[in-house]
Amino acid sequence: MTTIKGEPQVKQEPIDTAYLDNVLEQNMQDPENLIMILQDISAKYNYLPREALNYVVERLNVPMSLIYSAATFYKAFSLTPRGKYIINVCLGTACHVRGAGKIKESLEERLNIHEGETTEDLKFTLETVRCLGCCALGPVITVNEKAYGGLDRGKALKVIEQYEREA
Amino acid sequence: MSKLQSQKDYENFRDRLKKKRDPERLLVSLCAGSGCGASGTEEVREALEQEVSKNGLKGKVEVKVTGCHGFCEQGPIMVIYPDGIFYPKVKPEDVPEIVSETIVSRQVIKRLLYKDPVSKKRISKEEDVPFYNQQHRIVFGNNGFIDPANIDDYIAVDGYFALVKVLFSMSPEEVISAIKESGLRGRGGGGFPTGIKWETCRKAHGDIRYAMCNADEGDPGAYMDRSLLEGNPHSVLEGMIIGAYAIGSNQGFVYVRNEYPLAVKNLGIGIKQAEEYGLLGKNILGSGFDFTVKISRGGGAFVCGESTALMRSLEGKVGRPTAKYIHTVDKGYRDSPSTLNNVETWANVPVIINKGAEWYASLGTERSKGTKVFSLVGKVRNTGLVEVPMGTPLRTIIYDIGGGIPKKKKFKAVQTGGPSGGCIPEDFLDLPVDYERLAEVGSIMGSGGMIVMDQDTCMVDLARYFVDFLKNESCGQCTPCREGITQMSEILADICEGNGKEGDIKLLEELAVMIKRFSLCGLGKTAPNPVLTTILYFRDEYETHIKDKKCPAGVCKALFHYEIDEELCNGCRLCALKCPQKAITGEKKKSHHIDQDKCIKCGICYNACKFDAIIIH
Ligand SMILES: Cc1cc2nc3c(=O)[nH]c(=O)nc-3n(C[C@H](O)[C@H](O)[C@H](O)COP(=O)(O)O)c2cc1C
Ligand code: SF4
Ligand code: SF4
Ligand code: SF4
Ligand code: FES
Ligand code: FES
């Protein structure tokens, strides 16, 4: 689960019920597809907004405790807002032996947040992952879905700079 | 496309496809697997398309965007047929020359050829590259010829022919016997004989049975399942349909990691196309057999790769393992008999049916048959996916195929089997790799991760790495696993931070026995393995950490510092320029000095110095 550094500046947007209805529809309103429903909500909001979960509780007729246990068990989910750019540093074995730890340290230093945290301006969230499946290119990071391989400290910082410049 | 409704339909369609594909035609195979994608395939593809139309070659040259060719480190990879010219690390600016020289004039561009890091020679053909020419790619070989989004490519290499054979000329029992005879064992970790699993499931009581594919690929450092699903999804689907026919199942699932978006996408396209062709769904090829497949995306928990946890996760619950006294083949998903196999296991099935169980069993060793795909990564020159017959020695894989250790460093160990595996030292480099021999030296096959480590890897830190990994991934329901691993992690942290005590090694060993014996699932039962093998083979390194408070590999920050050797330093200033802390001072052409108060031990100077003047103390 991620936390935001400092005071988050989140505007509580109203929940898009049409989107949620569509997600529930596609997953056949079946509680068995809960994990995929949560994934789809996460894909839109970058996290699981409380109101959206309330809506799912109502529509699927399942207890909030069930949703809560799944949302906290699986790494893919966060109950607090995450940044526009989610950086995942691979800490898998292949990346580890090629210095992934140092990449993580330098990103933490640069963004002034720790693993699992989001920058105050909600631009970046720093997370780690156990393997991205690009092991031959280690160390690897992803920013949202784009992967960057063959990194060292300098190259990793350049990647982040590129996103810092973007709005 | 109308559905194929009989064996004849399939054969006619396949033969038409084959006839259209002249083996002498100009074909550019461009890898767009995840590895090459990260190195810039998309830009190369755009440049290629532009050049092809600029030169009026549309319709004369076919551009095939494929899945992983295996040599990901050299990406983006391009192979130009019919000559098989191999260009690694292609850049968009190389493309105009490739089109005018190699495609139009069929000339090789020397500067773009692969340079073997060992012999330093340029090599022009893919099949002559040492990384490839010692492999035996029965599962992976077709990846370079298949656009995963086009089912016709798979059918043109006789894809789905094994399914035809099974549906129209074999009974389910005959399929099971063939798989049993082939000796195929699960590629997901345990190495359980696949035929026996299928037979048990077929005989289990129940009306509904499920065939499932485990694509959770938890082993960090292994990515063959990802590459297979991305590059050749139909081979996995065909295996599943055959398996479903054998066990008597009409419904299947593929449980894929959420971190693998391209695999999910390509598999989704594959399922849709197979349905359109009548190869999946109701009354497959008019045989009367029904089978549908659904994709389920995991939520990112390592333990969900375990069979019982995976079934719970499929049911939308928290993925906690359950006791194994009831097997999932008897009572799995929704309490019905379920057969769960790994991606690579499924992909082997059509090969066995096509080439025969006897042929398959002729590959490999006494009790481990066929080939295995390894993910050869870490401190090795050629990294990528390597498919070799079972029983191939570690040395062949690491040195002949992998090209050995880069930067003149020394080999230290190879880690196999992921977090449940172990570290194998230099003494065992000639070990033939199969299930039994790996177990003999305290490791396992696992899913085929093979992480090479050199002198700069600290074995205590590595043990700590795995233990911390498992501490975070333990589902926490049994005390020995949850608390035991946490204790191990604390002891290892103490050792790495210079607070190791006499007796710590013994304590680790005792904890290991307890955790192994009293944990419920495979995660806990195997969690101590990396600690035990590193203690077994690198005990002196533990002792140096504990007694001398030193980390010889220069990894544990509290236990070493960098110094510059006055004799060796020639004052080139490179290190001083690169140091992010400005910790290095000295005059040009004179020996330099590190200010230990400023140094953060990032290692940049150590890696930069070309004269080996920076030394770990
Ligand atoms: C903690 C844990 C994680 C596992 N992760 C995977 C995995 O990611 N992929 C996989 O195929 N098998 C994994 N397995 C093994 C599965 O439980 C199961 O044995 C396997 O999928 C069966 O397929 P096979 O017989 O084809 O190997 C894991 C086992 C354990 C105990
Ligand atoms: S051994 Fe560990 S991961 Fe497995 S069930 Fe027990 S606590 Fe969970
Ligand atoms: S890079 Fe090496 S040789 Fe050059 S100044 Fe630094 S220590 Fe001396
Ligand atoms: S280890 Fe890093 S901080 Fe220390 S002297 Fe070398 S480059 Fe500078
Ligand atoms: S270990 Fe980092 S991508 Fe696999
Ligand atoms: S992704 Fe291109 S060779 Fe592996």
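Residues numbered from 1 in each chain as written. Chains lettered and ligands numbered in written order. Predicted model: local features only at pLDDT ≥ 70, side-chain atom pairs only at ≥ 80, totals over all residues. Heavy atoms only, no water.

Participant: Summarise the overall build of chain B; cite the residues concerned and give the values.
Facilitator: Tallying secondary structure elements over chain B gives 24 helices and 19 strands in all. Its C-alpha atoms give chain B a radius of gyration of 26 Å, within 12% of the compact-globule value 25 Å for 617 residues. Scored against the burial criterion, the 617 residues of chain B give a buried share of 59%. Restricting the contact set of chain B to residue pairs at least 6 apart, pairs at least 24 apart contribute 70%. Counting only carbon and sulfur atoms, one obtains 49% of the accessible surface of chain B, whose full area is about 24,300 Å². Seen as two clouds, the 81 positive and the 80 negative side-chain charges of chain B have centres 2 Å apart. (Helix = DSSP H or I, 4+ residues; strand = E, 2+ residues; numbered from the N terminus. Rg over C-alpha atoms; globule rule 2.2 N^0.38 Å. Buried < 20%, exposed > 50% of the residue type's maximum accessible area, 1.4 Å probe, protein only. Contact = heavy atoms within 4.5 Å. Areas by Shrake-Rupley, 256 points an atom, 1.4 Å probe, with all protein chains shown as cover. Lys, Arg positive; Asp, Glu negative; His and termini not counted. Charge placed at Lys NZ, Arg CZ, Asp CG, Glu CD.)

Participant: Break down the environment of Ala162 of chain B for me, citing the residues and quoting the values.
Facilitator: All names here are of chain B. Structurally, Ala162 can be placed in helix H7 (residues 161-169). The class for Ala162 is buried, based on a relative accessible area of 0%. On a C-alpha basis, the gap between Ala162 and Glu473 in space is 39 Å, while along the polypeptide they are 311 residues apart. Ala162 has contacts with Glu238, Ile242, Pro350, Ile353 and Asn354, leaving out every residue within four places of it along the chain.

Participant: Just give me the short version of the site of ligand 4, but keep the residues and values in it.
Facilitator: Neighbouring residues of ligand 4: 13 residues in total, closest Cys579, Cys599, Cys602, Gly603 and Cys605 of chain B. Residues that form the shell around ligand 4 fall into these classes: 10 nonpolar, 2 polar and 1 charged. (Near = heavy atom within 4 Å. Nonpolar A, V, L, I, M, F, W, Y, C, P; charged D, E, K, R; others polar.)

Participant: Any chance you could break down helix H19 (residues 479-496) of chain B for me, citing the residues and the numbers?
Facilitator: Residues and elements named next belong to chain B. The end-to-end C-alpha distance of H19 is 25 Å, a good match for the 26 Å that 18 residues give at a rise of 1.5 Å each. Within the sequence span of H19, burial applies to Pro480, Cys481, Gly484, Ile485, Met488, Ser489, Ile491, Leu492, Ala493, Ile495 and Cys496. Of the surrounding secondary structure, the elements contacted by the buried residues of H19 are helix H18 (459-473), helix H20 (504-518), helix H21 (522-526) and helix H22 (529-548). Gly498 sits one or two positions beyond H19 and adopts a positive phi of about 90°. (Expected span 1.5 Å × (residues − 1).)

Participant: I'd like a rundown of the sheet that holds strand S10 (residues 338-342) of chain B, residues and numbers included.
Facilitator: All names here are of chain B. Sheet architecture is open: 4 strands sit in the order S9-S8-S7-S10, paired in parallel fashion. Of all strands in the sheet, those bounded by a partner on one side alone are strand S9 (292-297) and S10. On average, each strand axis in the sheet is tilted by 20° relative to the strand beside it, whichever way the strands run. Summarising the sheet, strand S7 (residues 210-215) and S10 pair through 5 bridges and their orientation is parallel. Bridging across to S10, Tyr210 finds its partner in Ser338. In this fold helix H14 (residues 343-355) packs onto S7 and S10, with an angle of close to 95° to the strand it touches most, S10. (Pairing = 2+ DSSP bridges. Axes fitted to C-alpha atoms, helices over the stretch in contact; angles between N-to-C directions.)

Participant: Provide a residue-level description of the environment of Glu97 of chain B, including the pertinent values.
Facilitator: Residues and elements named next belong to chain B. By secondary structure assignment, the location of Glu97 is in helix H4 (residues 95-104). Along the chain, Glu97 and Ile109 lie 12 residues apart, while their C-alpha atoms are 8.2 Å from each other. Other than its neighbours up to four places away in sequence, Glu97 contacts Thr102, Ile109 and Arg111.

Participant: Any details on the sheet that holds strand S3 (residues 78-81) of chain B? Residues and values, ideally.
Facilitator: Residues and elements named next belong to chain B. Here 4 strands make up an open sheet; going across it, the order is S2-S1-S3-S4 and the pairing mixed. Edge positions in the sheet fall to strand S2 (61-66) and strand S4 (85-87), since each has one partner strand and no second. On average, each strand axis in the sheet is tilted by 15° relative to the strand beside it, whichever way the strands run. Relative to S4, S3 runs antiparallel, the two sharing 3 bridges. Looking at the pairing, Ile80 lines up with Ile85 of S4. This element, helix H3 (residues 41-54), spans strand S1 (26-31), S2 and S3 of the sheet and lies at about 160° to S1. In this fold H4 packs onto S1, S2, S3 and S4, with an angle of close to 35° to the strand it touches most, S3.

Participant: Requested: an account of the interface of chain B and chain A, with residues and values cited.
Facilitator: On the side of chain A, 34 residues touch chain B, which itself brings 63 residues to the contact. Buried area between chain B and chain A, both sides added, is near 3,800 Å², and the carbon and sulfur share of it is 54%. For chain B, the biggest contributors to the area lost against chain A are Arg297, Gly299 and Tyr465 of chain B; these three give 15% of the whole. Counting the contacts that link chain B with chain A gives 5 salt bridges. Glu105 of chain A is the salt-bridge partner of Lys557 of chain B, the closest N and O atoms lying 3.2 Å from each other. When the residues that make up the side of chain B that touches chain A are grouped by side-chain class, the tally is 29 nonpolar, 18 polar and 16 charged. (Buried area = accessible area lost by both parts, 1.4 Å probe. Salt bridge = Lys/Arg side-chain N within 4 Å of Asp/Glu carboxyl O.)

Participant: Describe in detail a positive patch on the surface, supporting the description with residues and values.
Facilitator: All names here are of chain B. The grouping of Lys110, Lys115, Lys120 and Arg122 at the surface amounts to a positive patch. Examined against the element boundaries, Lys115 turns out to sit in strand S5 (residues 114-115). Given a relative accessible area of 42%, Lys115 falls into the partly exposed group. (Patch = residues over 30% accessible without salt bridge, like charges linked within 9 Å, V, L, I, M, F, W, Y side chains within 5 Å.)

Participant: An account of the environment of Leu568 of chain B is needed here, citing residue identities and associated values.
Facilitator: Residues and elements named next belong to chain B. Within the fold, Leu568 resides in the loop between strand S16 (562-564) and helix H23 (574-578). For Leu568 and Phe611, which are 43 residues apart along the polypeptide, the C-alpha to C-alpha distance reads 6.7 Å. If we ignore the near neighbours within four places in the chain, the residues touching Leu568 are Phe611, Asp612 and Ala613.

Participant: How would you explain the pattern of salt bridges if you had to name every residue and give the values?
Facilitator: Across all of its chains, the model carries 50 salt bridges over all chains by this definition. Between Arg82 of chain A and Glu127 of chain A there is a salt bridge whose closest N-O contact spans 3.0 Å. Taken together, the residues span a long stretch of sequence, with Arg82 of chain A in the loop between helix H4 (64-73) and strand S2 (85-90) and Glu127 of chain A in strand S4 (residues 124-129) at a distance of 45 residues. An identical accessibility class is assigned to Arg82 of chain A and Glu127 of chain A; each is buried. With its nearest N and O atoms 3.2 Å apart, the salt bridge here joins Arg437 of chain B to Glu440 of chain B.

Participant: Tell me about the packing of H7 of chain B against H14 of chain B, residues and numbers included.
Facilitator: Residue and element names in this part refer to chain B. The interhelical angle for the contact between H7 and H14, taken along N-to-C directions, is 65°, at an axis separation of 8 Å. Considering the angle they form, H7 stands roughly perpendicular to H14. As H7 runs across H14, the sense of the crossing is left-handed. Contact residues: H7 offers Phe161, Ala162, Lys165 and Val166, while H14 offers Pro350, Ile353 and Asn354. Split by residue class, the contact of H7 with H14 holds 5 nonpolar, 1 polar and 1 charged. (Parallel < 35°, antiparallel > 145°, perpendicular 65-115°, else oblique. Left-handed = near helix turned anticlockwise from the far one by under 90°.)

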